[in-house]
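# Results of the structural survey
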Amino acid sequence: TADGVPRFYIRLLCDLQDFIAKSLADKPAFKKLSASNGRALNRMKLNLRKTIPTYKPLMEEYRKNPIVSDDDASDDDDDES
């Protein structure tokens, strides 16, 4: 990206945000977590909430066009065989 932030980092933040939202939306499963796991999930949510404003424009751009990085796409090609 233009700011020098690796695209995989933005993808990771988006994926993590989606995972946390999905995990917290499932109330019965969240209540079944151990106390330490529940605290860890909430702490991760708070840390992510603090980090997201810094990268929000880049994350919105990624969500509009979630293309996997060129490195990941080139691993699947068998043209060099």
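Just above sits the structure.
Notes on the structure follow. (Residues numbered from 1 in each chain as written. Predicted model: local features only at pLDDT ≥ 70, side-chain atom pairs only at ≥ 80, totals over all residues. Heavy atoms only, no water.)

### Remarks on the overall build of the protein chain
Using the following cut-off: Numbered from the N terminus, helices here are DSSP runs of H or I no shorter than four residues, and strands are runs of E no shorter than two. Summary of the burial criterion: residues with accessible area below 20% of their type's maximum are buried, those above 50% are exposed, and those between are partly exposed, where the area comes from a 1.4 Å probe applied to protein chains only. It only takes one pair of heavy atoms within 4.5 Å for two residues to be counted as in contact. Throughout, the Shrake-Rupley method with a 1.4 Å probe supplies accessible areas, and for residues the shown protein chains are the sole cover considered.
From N to C terminus, the protein chain includes 4 helices and 0 strands. Start at the N end of the protein chain and walk to the C end: the helices and strands fall as α-α-α-α. Counting all 81 residues of the protein chain, 21% fall into the buried class. In the protein chain, once contacts between residues fewer than 6 apart in sequence are set aside, the share between residues at least 24 apart is 74%. Summed over its atoms, the accessible surface of the protein chain is roughly 6400 Å², and 53% of this surface lies on carbon and sulfur atoms.

### A word on the pattern of salt bridges
What counts is decided by this rule: A pair is scored as a salt bridge if a Lys or Arg side-chain nitrogen falls within 4 Å of a carboxyl oxygen belonging to Asp or Glu.
Per the counting criterion, the structure on display carries 2 salt bridges. Across the salt bridge formed by Arg63 and Asp18, the nearest N and O atoms sit 3.1 Å from each other. In this pair, Arg63 is assigned in helix H3 (residues 35–64) and Asp18 in helix H1 (residues 7–25), connecting sequence segments 45 residues apart. In this structure Arg63 comes out as partly exposed when scored by relative accessible area, which is 38%. Judged by its relative accessible area of 41%, Asp18 is partly exposed. In this structure, the salt-bridge partner of Glu60 is Lys56, at a minimum N-O distance of 3.9 Å. Here Glu60 pairs with Lys56, and both are found in helix H3, just 4 residues apart, close to one helical turn. On the basis of relative accessible area, Glu60 is assigned to the partly exposed category, the value being 44%.

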